[in-house]
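What the coordinates show
Letter by letter, the chains look like this.
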Amino acid sequence: MGERSETPGRRRLSDRVLGDGVPPDPRFTLANERTFLAWIRTALAFLAGGIAVEAFTADLFDEGIRKFLAIVLLVLSMLVSAGATFRWIGVERSMRRQAPLPLPLIAPVLAVGGAIAAGVLVVVVLQG
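Residues numbered from 1 in each chain as written. Predicted model: local features only at pLDDT ≥ 70, side-chain atom pairs only at ≥ 80, totals over all residues. Heavy atoms only, no water.

**What about the layout of surface pockets?**
- By volume, the largest pocket amounts to about 160 Å³.
- L79, G83, F86, R87, G90, P102, L103, L105, I106 and V109 together form the lining of the largest pocket.
- Listed by contribution, the elements that provide at least two residues to the lining of the largest pocket are α3 (63–97) and α4 (106–127).
- Per-element tally for the lining of the largest pocket: the top contributor is α3, with five residues.
- Looking at side-chain class alone, the lining of the largest pocket contains seven nonpolar, two polar and one charged residues. (1 Å grid on protein atoms, 1.4 Å probe; cavity = no way out; pocket = protein on both sides within 12 Å on 5 of 7 lines; lining within 4 Å. Points joined across faces, edges and corners; volume = space filled by probe spheres on them. Helix = DSSP H or I, 4+ residues; strand = E, 2+ residues; numbered from the N terminus. Nonpolar A, V, L, I, M, F, W, Y, C, P; charged D, E, K, R; others polar.)

**Some thoughts on the nonpolar core**
- Formed by F46, V53, F61, L69, A70, V72, L73, L76, A117, V120 and V124, the largest nonpolar core amounts to 11 residues.
- Elements with a minimum of two residues in this core: α2 (26–56), α3 and α4.
- Counting residues in each nonpolar core, the second largest holds five residues, with W39, V80, A84 and I106 among its members. (Core = buried A, V, L, I, M, F, W, Y, C linked by side-chain atoms within 4.5 Å. Buried < 20%, exposed > 50% of the residue type's maximum accessible area, 1.4 Å probe, protein only.)

Now the structure itself:
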């Protein structure tokens, strides 16, 4: 009664985004979603860290260093958040097609960004 019939030119959004294939076992889809949410929590932590560095460290760092650290953390937040979305879609597509899972490209971005922020802090501490 409440179902709509789909015309050939009209596909559901999920079919357009995820492509063809067989929907995977719901347990795998939910596990993929939990991983997505873990990446989003990480992105929120970087967002909070960037805001905290800018708002509360004026007496600890020079303005240029403070802004650089805040920007690195905020950009990491954006990249991890966007990467989590593309990762979720890529894994879901792979599961539907029963293909190998894509490499997690977010991890190297996260590692490099974290290393940059940590390197800046090491230099500041050694100079202080």
